[in-house]
Amino acid sequence: MDQVQQIKQWFNSLPSKEQWMVSATGTLIIITLFYLIIWEPIHVGLSSEQQKQQSQKEVLLWMQNAAEEVKGLRSSGGVTIRDKNKPATLVIEQTITNAGLKPSVKKIESSGKNGARVTLNEAPFNQVMVWLNTLAKHNGIQVVSANIERTDKPGSANARLTLERTQ
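Attention here is on the structure that accompanies the text.

The rules behind the values
Residue positions within a chain follow its written sequence, with the count starting from 1. The model is predicted, so local features are restricted to residues of pLDDT at least 70 and side-chain atom pairs to those at 80 or more, both for listing and for counting; the totals for chains, interfaces and linings are taken over all residues. Based on all heavy atoms of the structure, the side-chain values leave hydrogens and waters out of the count. The salt bridge criterion pairs a side-chain nitrogen of Lys or Arg with a carboxyl oxygen of Asp or Glu, the two atoms within 4 Å. Three labels apply to residues, based on accessible area from a 1.4 Å probe with only protein chains included: buried if under 20% of the type maximum, exposed if over 50%, partly exposed otherwise in between. Numbered from the N terminus, helices here are DSSP runs of H or I no shorter than four residues, and strands are runs of E no shorter than two. Picture the helix axis, draw a direction to every C-beta atom, and the arc is the one those directions span. Contact definition: two residues touch when any of their heavy atoms are within 4.5 Å. Here a polar contact is taken to be a pair of N or O atoms separated by no more than 3.5 Å, where protein atoms must pair a possible hydrogen donor with a possible acceptor and residues adjacent in sequence count only if both atoms sit in side chains. In this description, a nonpolar core means a group of buried Ala, Val, Leu, Ile, Met, Phe, Trp, Tyr and Cys residues linked to one another through side-chain atoms lying within 4.5 Å. Here the expected span of a helix is defined as 1.5 Å times the quantity of residues minus one. A pair of strands is labelled paired if DSSP reports no fewer than 2 bridges between them. Each axis is a line fitted through C-alpha atoms, and for a helix only the stretch in contact is used; angles between axes span 0 to 180 degrees, taken between their N-to-C directions.

**What about the pattern of salt bridges?**
Stage number 1. For the coordinates displayed, the defined rule picks out 3 salt bridges.
Stage number 2. Where Glu 109 meets Arg 117, a salt bridge forms, and the shortest distance between an N and an O atom there is 3.0 Å.

The structure is reproduced here in structure tokens:
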């Protein structure tokens with residue numbers, strides 16, 4: 001308590017302009033500390049959690065689409081080639097969207113009557129593999145050539161694919 005009294009005496013001994021400056025500086029320091037210690041960490045944490053939630057919603061949507069596809073395949077009793085009469089590029093675009101890879105697509109270009117070249121940037125590797133498997137098994141579109149490179153982001157890859165309908 002003795003130190004608090006000494007600080008009060010020191011403050012009261014200052015001229016009124018200096019008292020005002022010390023009070024303003026103290027208030028500014030308190031506001032800055034509040035912002036740095038309380039407000040900013042809460043704000044950053046909230047933004048991070050909102051991004052995680054959005055990512056989880058996208059994964060959930062993809063999983064729900066995949067579950068419906070599985071149900072449809074189970075009820076059909078066997079593997080059938082879908083969309084035989086649609087152009088390969090259209091089938092590829094639709095399946096990319098269904099697989100949740102649309103944000104990673106850099107370019108899709110036609111390659112002959114039954115083929116296409118697809119370029120993906122920072123695509124989730126596992127989703128790309130599932131998508132390619134779906135294309136092969138259910139749409140009759142095979143990988144003719146592939147160049148897949150690891151990126152700095154864990155679990156993602158850049159891919160340049162040449163695809164062709166075989167059936």
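**A few points about helix H3 (residues 88–98)**
Stage number 1. Taken together, the buried positions of H3 are Ala 88, Val 91, Ile 92, Thr 95 and Ile 96. Along H3, the residues classed as buried sweep out an arc of 135° about the axis, all on the same side.
Stage number 2. In the core, the buried residues of H3 are packed alongside strand E1 (105–110), strand E2 (115–124), helix H4 (125–139), strand E3 (141–150) and strand E4 (156–165).
Stage number 3. Immediately downstream of H3, the backbone of Gly 100 shows phi near 80°, a positive value.

**Observations regarding the environment of Thr 97**
Stage number 1. Examined against the element boundaries, Thr 97 turns out to sit in helix H3.
Stage number 2. Classification of Thr 97 as partly exposed rests on a relative accessible area of 43%.
Stage number 3. The spatial distance from the C-alpha of Thr 97 to the C-alpha of Trp 62 is 9.3 Å, given a sequence separation of 35 residues.
Stage number 4. A polar atom in the side chain of Thr 97 sits 3.1 Å from the backbone oxygen of Glu 93.

**Comments concerning unusual backbone geometry**
Stage number 1. The backbone of Glu 122 sits at a positive phi, close to 50°, despite the residue not being glycine.
Stage number 2. With respect to the element layout, Glu 122 can be found in strand E2.

**A look at the side chain of Ser 104**
Stage number 1. Along the chain, the position of Ser 104 falls in the loop between H3 and E1.
Stage number 2. When sequence neighbours within four positions are dropped, the list of residues in contact with Ser 104 reads Thr 119, Leu 120, Asn 121, Glu 122, Ala 123 and Pro 124.

**Let's talk about the nonpolar core**
Stage number 1. If you look at the biggest cluster of nonpolar residues, it comprises 18 residues, and the most contacted ones within it are Ile 92, Leu 120, Trp 131, Leu 135 and Leu 163.
Stage number 2. Counting residues per element, the ones that place at least two in this core are H3, E2, H4 and E4.
Stage number 3. Discounting residues that sit within four places of it in the chain, Leu 163 has contacts with Ile 92, Asn 114, Gly 115, Ala 116, Val 118, Trp 131, Leu 132, Leu 135, Ile 141, Gln 142, Val 143 and Val 144.

**Structural notes on H4**
Side chains of residues three or four places apart in an α-helix project in the same direction, reflecting 3.6 residues per turn.
Stage number 1. In this model, H4 (15 residues) spans 20 Å end to end at C-alpha, consistent with the 21 Å of a helix rising 1.5 Å per residue.
Stage number 2. Along H4, the residues that are buried comprise Val 128, Trp 131, Leu 132, Thr 134, Leu 135, His 138 and Asn 139. Each buried residue of H4 sits inside an arc of 165° when the element is viewed along its axis, so together they form one side.
Stage number 3. Positive phi shows up at Gly 140, right after H4, with a value of about 65°.

**Details of the pairing of E2**
Regular strands place their side chains on alternate faces of the sheet.
Stage number 1. Note: E1 against E2, 5 bridges, orientation antiparallel. Of the residues in E2, the one forming a bridge with Ser 110 is Ala 116.
Stage number 2. Hairpin connection, E1 to E2: the antiparallel pair is bridged by 4 residues, and Gly 112 has positive phi, about 80°.
Stage number 3. For E2 and E4, the ladder comprises 8 bridges, and the chain directions are antiparallel. Residue pairing for E4: Arg 117 is matched across the bridge by Thr 162.

**Some points on the sheet that holds E2**
Two orientations exist for strands paired in a sheet by backbone hydrogen bonds: parallel and antiparallel.
Stage number 1. Taking strand neighbours across the sheet as the criterion, the 4 strands line up as E1-E2-E4-E3 in an open arrangement whose pairing is antiparallel. Pairing within the sheet leaves two strands with one partner each, and these edge strands are E1 and E3. The average undirected angle you get between the axes of adjacent strands in this sheet is 15°.
Stage number 2. Its contacts with the sheet put H4 on E2, E3 and E4, and the angle it makes with E2 is roughly 155°.

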